[in-house]
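For reference, the chains in residue letters:
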There are 2 protein chains.
Amino acid sequence: MVQKPSIPKGTRDFSPLEMARRNYIFDTIKKVFRLYGFSQIETPAMENLSTLMGKYGEEGDKLLFKVLNSGDYLRGVDNSLIENGDTLKLAAQLCEKGLRYDLTVPFARYVVQHRNDLQFPFRRFQIQPVWRADRPQKGRYREFYQCDADVVGSDSLVNEIELLQIIDEVFNRLKINIAIKLNNRKVLAGIAEYIGAPDKMIDITVAIDKIDKIGIDNVNEELRERGLSEKSISSLKPILEIDGDISARLEKLETLLSSSEIGMLGVKELREVIAGVEGTGMKSQVDLDVSLARGLNYYTGTIIEVKALDVVIGSITGGGRYDNLTGVFGLQGVSGVGISFGADRIYDVMNTLNLYPEELQQSTSVMFTNFGAKEATCALKMAKELRSAGIAAEVYPDSSKIQKQMKYANAAQVPFVAIIGESELAEGKMTLKNMNTGEQQLLTAEEAINVIKHR
Amino acid sequence: MVQKPSIPKGTRDFSPLEMARRNYIFDTIKKVFRLYGFSQIETPAMENLSTLMGKYGEEGDKLLFKVLNSGDYLRGVDNSLIENGDTLKLAAQLCEKGLRYDLTVPFARYVVQHRNDLQFPFRRFQIQPVWRADRPQKGRYREFYQCDADVVGSDSLVNEIELLQIIDEVFNRLKINIAIKLNNRKVLAGIAEYIGAPDKMIDITVAIDKIDKIGIDNVNEELRERGLSEKSISSLKPILEIDGDISARLEKLETLLSSSEIGMLGVKELREVIAGVEGTGMKSQVDLDVSLARGLNYYTGTIIEVKALDVVIGSITGGGRYDNLTGVFGLQGVSGVGISFGADRIYDVMNTLNLYPEELQQSTSVMFTNFGAKEATCALKMAKELRSAGIAAEVYPDSSKIQKQMKYANAAQVPFVAIIGESELAEGKMTLKNMNTGEQQLLTAEEAINVIKHR
């Protein structure tokens, strides 16, 4: 039976060119992570569902890919769940494993599980795919990569500063112009206190997060629906209207929040981070955005979001500080701060702006022609010499017509073709053809190495 | 509720040191693949189950990890399958996706699906994890990496020769002493013909594959059980007893199989591959082993197996030629040949023999101390200068006691510590301490870069 080949929706194959581009992004990020002293770890694709469930909200539980138990997975299953069609509870009996949904929860699990082997503060990075059963759409996939760097075991804001330097350095190297937005969860808590609704912080932030999209009137309407009093809403207004440069805004915020201890602490932290960043010199814009919220469920301090300036796309990197991520796994009081590069969105930005270096497209530098057994043996030897000098070479495997071999070389964008015919064979040389200029030279392997290396 | 953290059995976390070691192996393999003109692709972790099922035998189907459908996965399920406990058929209704079991079937699917975008012969490599619901045991995992290189669209033996060169080069670079065993499926078919049992090739090879373990008498007993006549068994004996060096053995094999067309073709191919390999000069032992079978189900020509000489472990690399791998997906007549490095076994060999370069263990080159806000700001600036010169540096985030900071530096095996106290701050310098020699120097950032780069 012949099958029409396809892959699950929301997943992708990556061709050699796509891989070269993606590797360029990943390698740039990795190199910067390493320059900042972060060490790589990896965790399994499958985690126990007990590790994952309940960590991403009710919606997240539904979006987890669950792996059917091996063997007799029906044994011990509660039949009433089948009869009632209670698929969510039944899934927990049919499946004890799931695919990782992000890198943060597996990392928290890792830190707790290996805490006796780790040196704190622990600086780790992790670049691996994650899976979500989201409805696929443009720019949203069911399998995509996350690139995370976190420091756990230190509440110093020096970590925030270094992570912001990493963001600056990575996007500089990738030539993507960005704006970094900063906020602090304590400022949001302070705002809620200030307007007399300390228990409504989440409602407030969910609403004001939309101010750019829907305008202040609609935000106020939403705040009313969420049960905020008119007094609270009117006292929120001056905060949302704060303007000026960063230091002017910080000053006004400080004045407004002066009665809230937590709010003042948030402003102080923001000041320290911004001063640190300015002190070391960053190329990217850094801005304060009091409406920035991001994954409020576990952030407790600094909140970071990065936007690309030249492409309309969602945030391409984000992060923040969390004070109790490992608590659910039994390790209390470990503060951490991390950032996550959205590799797939960065890839989209790089593609849109065509920011890749040109030489990325090439893999092989030299293709040796093949005109028969003797010539191929000679080519194999010479190719080996070139490779010893670090030059990527391949021997065309079949003694096909020269046209077919050259067509292959052209399609593969090979910069040099080494022709070995009868006369070259007799002399122990190759005719090296530069595919850009058309220039041909009769050369020994050693001479060819020089030409190729110095083009 | 506090959860005791754990991971699914048969899976592993990789610590920074383990990652450094694994990256060393993967990077070595990748570098050699690229030197030979192979381009990287990646395929999704999840494939449609229809792509995977039936490709690995009945046992393989059971060992596939199946992913529960999202949403109402019970809809449309045949209830009699639940009542009868027919878990295998039911799984096919509950799950339409599975985790990839190897890289070969996804690659065949890839070639067919993208055939109009590919240039043949297509040389691809792929390094990704695969998943099997095998019973975990020492050296056998449920998640492990494969590193495959294949050429499809060419039946030239030049491909075999280049793949054998790759094997030689990779293990040379990794400093693992190996023996490469070669055989050819056509020789096995010729042997079956020669002993008058052309339909028993698989029975014969399964039996003679065990000759080293159980001896010839037990092999003969097994052949009897598998229905071979005494005449067949006695005519097999001289083949198994062939000795001498490779060329002597090839000659004797040729004489014995002279009446079998396919057998003679197999010997001719072996001769050509061995001559090609010898002609280009390989460091590894290459030997002929007529009892070598390996995954007979799809190999049709050359068969390759690699053993480590200094560690008792199963084969660490294998491969061979297949003539119709893409046929099941609708593309006939595409010959391919490939090799697969068993990264996890290679990792075990490297660990046993401690073959890693020493500098692997280090990530950060310099740790800056932190004695307070001003000193930290200065450290952040100087660290940035060092990083611009490619030196990995980190700033200790907290202004803890010096003992604690030095303890961290020691545990992290950082080769240099940069101390910035009051006097260094005044001078705009650092005291750079070499952690191996204990030597200390007062230096500017630029001077420190020189010292660190030239140690």
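Structure: see above.
So, how was this worked out
Residues numbered from 1 in each chain as written. Chains lettered and ligands numbered in written order. Predicted model: local features only at pLDDT ≥ 70, side-chain atom pairs only at ≥ 80, totals over all residues. Heavy atoms only, no water. Helix = DSSP H or I, 4+ residues; strand = E, 2+ residues; numbered from the N terminus. Rg over C-alpha atoms; globule rule 2.2 N^0.38 Å. Buried < 20%, exposed > 50% of the residue type's maximum accessible area, 1.4 Å probe, protein only. Contact = heavy atoms within 4.5 Å. Axes fitted to C-alpha atoms, helices over the stretch in contact; angles between N-to-C directions. Parallel < 35°, antiparallel > 145°, perpendicular 65-115°, else oblique. Left-handed = near helix turned anticlockwise from the far one by under 90°. Nonpolar A, V, L, I, M, F, W, Y, C, P; charged D, E, K, R; others polar. Pairing = 2+ DSSP bridges. Salt bridge = Lys/Arg side-chain N within 4 Å of Asp/Glu carboxyl O. Least-squares fit on C-alpha atoms with pLDDT ≥ 70 in both. Arc of directions from axis to C-beta. Buried area = accessible area lost by both parts, 1.4 Å probe. Phe/Tyr/Trp six-rings, centres within 6.5 Å; stacked < 30°, edge-to-face > 60°.

Engineer: Break down the overall build of chain A for me, with residues and values.
Structural biologist: For chain A, the helix and strand inventory stands at 18 helices and 16 strands. Taken over C-alpha atoms, the radius of gyration comes to 29 Å for chain A, far larger than the 23 Å a tight globule of 455 residues would show. Projected onto the principal axes, the alpha-carbon positions of chain A cover approximately 95 × 65 × 45 Å. Among the 455 residues that make up chain A, the fraction classed as buried is 59%. Relative to all contacts within chain A whose residues are 6 or more apart in sequence, the contacts with residues 24 or more apart total 68%.

Engineer: For the packing of helix α10 (residues 211-225) of chain A against helix α11 (residues 230-240) of chain A, give the residues involved together with the corresponding values.
Structural biologist: All names here are of chain A. At a closest axis distance of 8 Å, the pairing of α10 and α11 adopts a crossing angle of 155°. Considering the angle they form, α10 stands roughly antiparallel to α11. The handedness of the crossing between α10 and α11 comes out as right-handed. In contact with I211, I216, N220, L223 and R224 of α10, α11 contributes E230, I233, L236, K237 and L240. Along the lines of polarity and charge, the residues of the contact of α10 with α11 split into 6 nonpolar, 1 polar and 3 charged.

Engineer: Provide a residue-level description of the pairing of strand β4 (residues 95-99) of chain A, including the pertinent values.
Structural biologist: Residue and element names in this part refer to chain A. Burial within β4 is extensive, with 4 of its 5 residues counted as buried. Bridging between strand β2 (residues 46-48) and β4 involves 3 bridges; their strand directions are antiparallel. Considered in β4, the bridge of M46 is made with L99. With 3 bridges connecting them, strand β3 (residues 66-68) and β4 associate as antiparallel partners. Each bridged residue has a counterpart across the sheet, and for V67 the counterpart in β4 is K97.

Engineer: Before we move on, can you summarise the pattern of salt bridges with the specific residues and values?
Structural biologist: All names here are of chain A. Following the criterion strictly, the structure yields 46 salt bridges over all chains and no others. Here R123 makes a salt bridge to E162, at a shortest N to O gap of 2.6 Å. Residue R123 is located in strand β5 (residues 122-131), and its partner E162 is located in helix α7 (residues 158-174); the two are separated by 39 residues in the primary sequence. Residue R123 is classed as buried on the basis of its relative accessible area of 3%. By relative accessible area, E162 is classed as buried at 2%. Residue R173 pairs with E169 through a salt bridge whose shortest N-O separation is 2.8 Å. Here R173 pairs with E169, and both are found in helix α7, just 4 residues apart, close to one helical turn. Here R173 falls in the partly exposed class, since its relative accessible area comes to 28%. What makes E169 partly exposed here is its relative accessible area of 22%.

Engineer: Before we move on, could you go through the sheet that holds strand β10 (residues 317-322) of chain B and cite the residues and values that matter?
Structural biologist: Residues and elements named next belong to chain B. Overall, mixed pairing links the 8 strands, which are arranged β1-β5-β6-β11-β10-β9-β7-β8 in an open sheet. Each end of this open sheet is capped by a strand with a single partner; those strands are β1 (39-40) and β8 (285-288). With 7 bridges joining them, strand β6 (residues 143-152) and strand β11 (residues 336-342) adopt antiparallel strand pairing. Residue pairing across strands places C147 opposite F341, the latter belonging to β11. Packed on one face of the sheet, helix α6 (residues 104-113) meets β5 (122-131), β6 and β10 and runs near 135° to β5. The strands touched by helix α14 (residues 343-353) within the sheet are β6, β9 (302-308), β10 and β11, with β11 carrying the most contacts at an inclination of about 40°.

Engineer: How would you sum up the pairing of β10 of chain B? Please name residues and give values.
Structural biologist: All names here are of chain B. Burial analysis of β10 places 6 of its 6 residues in the buried class, the great majority of the element. Here β10 shows two buried faces, one formed by T317, G319 and R321 and the other by G318, G320 and Y322. The pairing of β9 with β10 spans 4 bridges and is antiparallel. The residue bridging V306 from the neighbouring strand is T317, located in β10. Summarising the sheet, β10 and β11 pair through 6 bridges and their orientation is antiparallel. Within β11, the position partnered with T317 by the bridge is F341.

Engineer: A description of the relation of the copies chain B and chain A should follow, citing residues and the corresponding values.
Structural biologist: Between the two copies of the chain lies a rotation about an axis combined with a shift along it. The transformation that overlays chain B on chain A combines an axial shift of 0.0 Å with a rotation of 180°, and the residual RMSD is 0.1 Å. Taken together, the rotation angle and the small translation identify this as a two-fold axis. Distance from the rotation axis, computed per C-alpha, reaches its smallest value in chain B at V67 of chain B: 2.2 Å. Counting the interface residues of chain B, we find that 99% of their copies in chain A are interface residues as well, pointing to one common contact surface.

Engineer: Residues and numbers for helix α18 (residues 445-453) of chain A, please.
Structural biologist: Residue and element names in this part refer to chain A. Taken residue by residue, α18 has A445, A448, I449 and I452 as its buried positions. Down the axis of α18, the buried set is contained in an arc of 105°. They therefore lie on one face. Where α18 is buried, its residues contact β12 (366-368), α15 (373-388), β14 (416-419), β15 (430-434) and β16 (440-443).

Engineer: I'd like a rundown of helix α9 (residues 201-208) of chain B, residues and numbers included.
Structural biologist: All names here are of chain B. Among the residues making up α9, those that are buried are M201, I204, T205, A207 and I208. Angular distribution of buried residues about the axis of α9 spans 165°; they occupy a single face of the element. Where α9 is buried, its residues contact α8 (185-194), α10 (211-225) and α11 (230-240).

Engineer: Explain the interface of chain B and chain A residue by residue, including any values.
Structural biologist: Where interface size is given, it is often the accessible area lost as the parts come together that is meant. The interface is formed by 101 residues belonging to chain B together with 100 residues belonging to chain A. Both sides together, the interface formed by chain B and chain A hides about 8,400 Å², and carbon and sulfur atoms give 58% of it. Where chain B packs against chain A, one counts 6 salt bridges. For the salt bridge of R387 of chain B with E162 of chain A, the shortest nitrogen-to-oxygen distance reads 2.8 Å. A breakdown of the residues in the side of chain B that touches chain A according to their chemical character gives 48 nonpolar, 32 polar and 21 charged.

Engineer: Account for the packing of aromatic side chains, naming residues and giving values.
Structural biologist: The relation between two aromatic rings is expressed through the spacing of the ring centres and the mutual angle of the planes. Across all of its chains, the model carries 24 aromatic pairs over all chains by this definition. Here F26 of chain A and Y145 of chain A contribute two aromatic rings whose centre-to-centre distance is 5.1 Å and whose plane-to-plane angle is 50°, an arrangement assigned as tilted. Here F26 of chain A, found in helix α1 (residues 16-35), pairs with Y145 of chain A, found in strand β6 (residues 143-152); they are 119 residues apart in sequence, far enough to count as distant. Assessed through its relative accessible area of 9%, F26 of chain A is described here as buried. The exposure class of Y145 of chain A is buried, given its relative accessible area of 16%. Aromatic pair F171 of chain B and F341 of chain B: ring centres 5.6 Å apart, planes at 45°, arrangement tilted. You can see F171 of chain B sitting in helix α7 (residues 158-174) and its partner F341 of chain B sitting in strand β11, a full 170 residues away along the chain. Per residue, the accessibility class of F171 of chain B equals that of F341 of chain B, and both read buried.

Engineer: Describe in detail unusual backbone geometry, supporting the description with residues and values.
Structural biologist: Going from F120 of chain A to P121 of chain A, the amide bond is cis rather than trans, its omega being -5°. Structurally, P121 of chain A is set in the loop between α6 (104-113) and β5. Although it is not a glycine, N354 of chain B adopts a positive phi angle of roughly 50°. With respect to the helices, strands and loops of the structure, N354 of chain B is situated in the loop between α14 and β12 (366-368). Note on N354 of chain B: relative accessible area 55%, which makes it exposed. One non-glycine residue with positive phi stands out, namely Q413 of chain B, at about 55°. With respect to the helices and strands, the residue Q413 of chain B is situated in the loop between α16 (402-411) and β14 (416-419). Given a relative accessible area of 43%, Q413 of chain B falls into the partly exposed group.

The values are spatial; any link to function lies outside them.
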